[in-house]
Amino acid sequence: QGLRQIKTIETFWVDLIPSLVGSLRISFFAGVFTFFFLNLLSYCWPHQRLKNFFNGYLAPSPAVFGFALWMLGPNGGLFTEFKISWVLSLIVLPVLFRWQFAHLISALEGQILVAQSLGATPRKIFWHISWPQTRAMVFLLSVVSAFWAAGDFAITTILTYGHQTL
């Protein structure tokens, strides 16, 4: 009975596919941005200010972030989806960092310091020490970020007026 009624609602089916695609695009790009940010962190890691920042950084509420982005630049289209994805990854990044990534990257500090003392460049340190040991966790946390972004409604509702996502 209920499924038959859903089939009769034309606007439901007309709006469902574009909204689903919009949600999937936002969650995918949030995962990509998180992937980029976590790799950037592991590239720059043995930096004391960076440690202090991420140990004390608490993301503001999604609504505050959403209103701030709403005031910046045009709203609508693909640019807005990038803004939403970027903000969602910044909101989830401190949680993911403290949850899994901090102890993983901190365990590499000794190896990184030895490589630096032997004259290795930051690029070589990243590709030969950090990346091989953090890539699985970076991929996992990026997927978690993408799922998290798919379930966020505050920012997407503010910036897209609730029309581009589920």
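All of these numbers come straight from a predicted model, not from anything done at the bench.

Trainee: What is the right way to read the overall build of the protein from this model?
Mentor: When helices and strands are counted, the protein shows eight helices and zero strands. N-terminal to C-terminal, the α/β element order of the protein is α-α-α-α-α-α-α-α. Out of the 166 residues belonging to the protein, those deemed buried represent 39%. Taking contacts inside the protein between residues at least 6 apart in sequence as the whole, the part at least 24 apart equals 81%.

Trainee: How do you make sense of the packing of helix 3 (residues 48-56) against helix 5 (residues 78-106) when you look at a structure like this?
Mentor: Each packed pair of helices is defined by two parameters, the angle between the axes and the distance between the axes. Close contact between helix 3 and helix 5 brings their axes to 9 Å; oriented N to C, the two are set at 105°. Judged by the angle between their axes, helix 3 and helix 5 are roughly perpendicular. Of the residues in helix 5, those in contact with Phe54, Asn55 and Gly56 of helix 3 are Leu93, Phe97 and Arg98. Each residue belonging to the contact of helix 3 with helix 5 can be placed in one class, and the counts come to three nonpolar, two polar and one charged.

Trainee: Help me understand the pattern of salt bridges in this model?
Mentor: A side chain with one charge can pair with a side chain of the opposite charge if their charged atoms come near. Summed over the entire model, instances satisfying the criterion amount to two salt bridges. The partner of Arg25 in a salt bridge is Glu81, with the nearest N and O atoms 2.6 Å apart. Residue Arg25 is found in helix 2 (residues 10-43), and its partner Glu81 is found in helix 5; the two are separated by 56 residues along the sequence. Given the relative accessible area of 34%, Arg25 is considered partly exposed. Residue Lys51 is joined to Glu109 by a salt bridge in which the shortest nitrogen-to-oxygen separation is 2.9 Å. In this pair, Lys51 is assigned in helix 3 and Glu109 in helix 6 (residues 109-117), connecting sequence segments 58 residues apart.

What counts as what
- Residues numbered from 1 in each chain as written.
- Predicted model: local features only at pLDDT ≥ 70, side-chain atom pairs only at ≥ 80, totals over all residues.
- Heavy atoms only, no water.
- Helix = DSSP H or I, 4+ residues; strand = E, 2+ residues; numbered from the N terminus.
- Buried < 20%, exposed > 50% of the residue type's maximum accessible area, 1.4 Å probe, protein only.
- Contact = heavy atoms within 4.5 Å.
- Axes fitted to C-alpha atoms, helices over the stretch in contact; angles between N-to-C directions.
- Parallel < 35°, antiparallel > 145°, perpendicular 65-115°, else oblique.
- Nonpolar A, V, L, I, M, F, W, Y, C, P; charged D, E, K, R; others polar.
- Salt bridge = Lys/Arg side-chain N within 4 Å of Asp/Glu carboxyl O.

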